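Here is how the chains run, residue by residue.
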Number of protein chains: 2
Amino acid sequence: MGGNNKPIGVFDSGVGGLTVVKELFRYLPAEEIVYFGDTARVPYGTKSRGTVTRFAFESTGFLMDIGIKMLVIACNTVSASSLKEIKANFDIPVQGVIHPGAGAAVKATKNKKIGVIGTERTISSGAYVEAIRALDESIEIYSKACPLFVPLVEEGWLDTEVTYLTAIEYLEPLKREGIDTLVLACTHYPLLKGTIRHIMGKNITLIDSAMETAKAVKETLKSLGLERKTDSPPSHRFYVSDNPEKFVRVGERFLNKKINSIEKIDIEG
Amino acid sequence: MGGNNKPIGVFDSGVGGLTVVKELFRYLPAEEIVYFGDTARVPYGTKSRGTVTRFAFESTGFLMDIGIKMLVIACNTVSASSLKEIKANFDIPVQGVIHPGAGAAVKATKNKKIGVIGTERTISSGAYVEAIRALDESIEIYSKACPLFVPLVEEGWLDTEVTYLTAIEYLEPLKREGIDTLVLACTHYPLLKGTIRHIMGKNITLIDSAMETAKAVKETLKSLGLERKTDSPPSHRFYVSDNPEKFVRVGERFLNKKINSIEKIDIEG
């Protein structure tokens, strides 16, 4: 297919998609990544479907122009509202973050009660409910938007009393419903795993969409014979639409790794 | 001048500028307001200066096309980073929110120690420090970015323990410095006045930029002879670049009044 040595393109509304990149590094250490974070227009989670789709087309177009062999939409909001349109309009394998998380949750649950937490837009889209029900109609799903989690993570307040009390406010209703599985349906949320685990208890399975997505990408590349075939070490590139300094500062916390190549680009067209 | 019966144009990155509109209603009840909230690209406070200026030019252009007699930049971030450029490029009286707040703070302080709280961008711009120092070089200024205040207000958590603890974290360092005056340098913050007052104590003067700006607009209209001269009741129009439903829901809380005329427009050009 000739595209094997092209990078995997990943985009997100901002820095959150780096949790997916972190897992791609872990599951696909030989692959090269090109990342675009639309930091000029972050957050997407409170915006309308039409606006989010327009932004997503611009991001996809940018990565296609660079030349990628596969596209990963590392953003729950975009995956929830615009995955079909992107698949229909761009000629490339596309992986969103909803189906991997939904599939893993269905496999994990024993009492058939699953909780889903995410941004306002991800939750109101009903995309996780739809994806889970498509796999097992009998599952009960309890969803909750947690709009303060993203700003808390971006502020670096991962383990403060404020974060703990905010999480209690959001998570207690789900806990009361007796869920045994909770989907972290926003790429920022894995950084709050400790707090969420503390509140929800040890017996609840937390589903990390980022990790499940990386596993799905690995499978797709294998099934399409698109794995990178060279011994040279991979190099990665990061692009943002604004404020590269802040992206690097916050992003290195997400990635647990140095970001060496960062560039600001104009995305609005 | 012929423009007397044109509306006052007001723009903000989102819903926050409505605290200025509320004060304009109070100080200038006969005037008509046209408001634009750039909700597709909110928040501005974490974005770079160049990006914010580009967005501000687009918002100003939109209001100029409608036809306004005066422009109010009801956004600290834009006032801090782009006021000069807007004044230089558009032929209309322009009022930002920085100088009224800075002036009122200088008048209010007795011990010459002023605190300023706002978004990351407003604080890092140093605009308040500059504006205050221009009036009185001997004043000591203590600034603090409070990035979680805007999402807390938008979530409607005005009076919760989370908000209280967040505010303590942000405000305690200012309190320790012994300031006697605190400038609320973000249009969202007046909704947190109760919490801020509770933490800072009764002896501190809180400067509400929104109120000071409305007073300044009133003076400017008077000095230019641009007051509205008709007995018909004013009608107001609100435009947003995304999600009018959410704007109305949150905005009516800011305005303490019904929003009857709302329209979604495309702003990117």
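All values derive from a computational prediction rather than experimental measurement.

Basis of the calculations
Residues numbered from 1 in each chain as written. Chains lettered and ligands numbered in written order. Predicted model: local features only at pLDDT ≥ 70, side-chain atom pairs only at ≥ 80, totals over all residues. Heavy atoms only, no water. Pairing = 2+ DSSP bridges. Helix = DSSP H or I, 4+ residues; strand = E, 2+ residues; numbered from the N terminus. Axes fitted to C-alpha atoms, helices over the stretch in contact; angles between N-to-C directions. Contact = heavy atoms within 4.5 Å. UniProt positions renumbered as here; feature names shortened; annotations may be inferred. Buried < 20%, exposed > 50% of the residue type's maximum accessible area, 1.4 Å probe, protein only. Polar contact = N/O pair within 3.5 Å; in protein donor to acceptor, adjacent residues only side chain to side chain. Buried area = accessible area lost by both parts, 1.4 Å probe. Salt bridge = Lys/Arg side-chain N within 4 Å of Asp/Glu carboxyl O. Nonpolar A, V, L, I, M, F, W, Y, C, P; charged D, E, K, R; others polar.

1. Thoughts on the sheet that holds strand β7 (residues 181–184) of chain B
Residues and elements named next belong to chain B.
Then step 1. The four strands are arranged β6-β5-β7-β8 in an open sheet whose pairing can be described as parallel. Edge positions in the open sheet fall to β6 (140–145) and β8 (205–208), since each of these has one partner strand only. Strand-to-strand twist in this sheet, taken as the mean axis angle between neighbours without regard to direction, amounts to 20°.
Then step 2. Bridge analysis of strand β5 (residues 113–118) against β6 gives six bridges, and the strand direction is parallel. Across the sheet, the residue bridging to Val116 is Ser143, located in β6.
Then step 3. Relative to β8, helix α10 (residues 209–223) is tilted by about 55°, and along the sheet it contacts β7 and β8.

2. Quick word on the UniProt feature "binding site: substrate" (unreviewed entry) in chain A
Residue and element names in this part refer to chain A.
Then step 1. In the numbering used here, UniProt assigns the feature "binding site: substrate" (unreviewed entry) to Asp12, Ser13, Tyr44, Gly45, Asn76, Thr77, Thr187 and His188. The largest pairwise C-alpha distance within this set of annotated residues, which runs over 177 residues, is 12.9 Å, so the set is compact in three dimensions.
Then step 2. Here Asp12 lies in strand β1 (residues 8–12).
Then step 3. Judged by its relative accessible area of 2%, Asp12 falls in the buried class.
Then step 4. If near-sequence neighbours (up to four positions away) are discounted, Asp12 is found in contact with Gly17, Tyr35, Phe36, Gly37, Asp38, Ala74, Cys75 and Thr187.
Then step 5. Within polar-contact distance, the side chain of Asp12 engages the backbone nitrogen of Gly14 at 3.2 Å.
Then step 6. Here Tyr44 lies in the loop between β2 (33–37) and α2 (49–66).
Then step 7. Tyr44 gets classed as buried once you look at its relative accessible area, which sits at 1%.
Then step 8. Residue contacts for Tyr44: discarding those within four places in its chain leaves Ser13, Asp38, Val52, Phe55, Ser59, Cys75, Thr77, Val78 and Arg121.
Then step 9. At 2.5 Å, the side chain of Tyr44 and the side chain of Asp38 are in polar contact.

3. Quick notes on the interface of chain B and chain A
Interface size is commonly expressed as the accessible area that is lost once the parts come together.
Then step 1. At the interface, 31 residues of chain B touch 31 residues of chain A.
Then step 2. For the pair chain B and chain A, the summed buried surface comes to about 2,400 Å²; carbon and sulfur atoms form 53% of the total.
Then step 3. For the chain B face of the interface with chain A, the top three residues by lost area are B:Leu148, B:Trp157 and B:Glu268, together amounting to 21%.
Then step 4. With a shortest N-O distance of 3.4 Å, B:Glu120 and A:Lys246 are connected by a salt bridge.
Then step 5. Between the two partners, chain B and chain A, sit twelve residue pairs in polar contact (both at pLDDT 80 or more).
Then step 6. When contributions to the side of chain B that touches chain A are tallied by element, the ones reaching two or more residues are α2 (49–66), α7 (149–154), α8 (161–176) and α11 (244–255) of chain B.
Then step 7. Among the elements that make up the side of chain B that touches chain A, the one with the highest residue count is α8(B) (six residues).
Then step 8. Class assignment for the residues of the side of chain B that touches chain A results in twelve nonpolar, seven polar and twelve charged.

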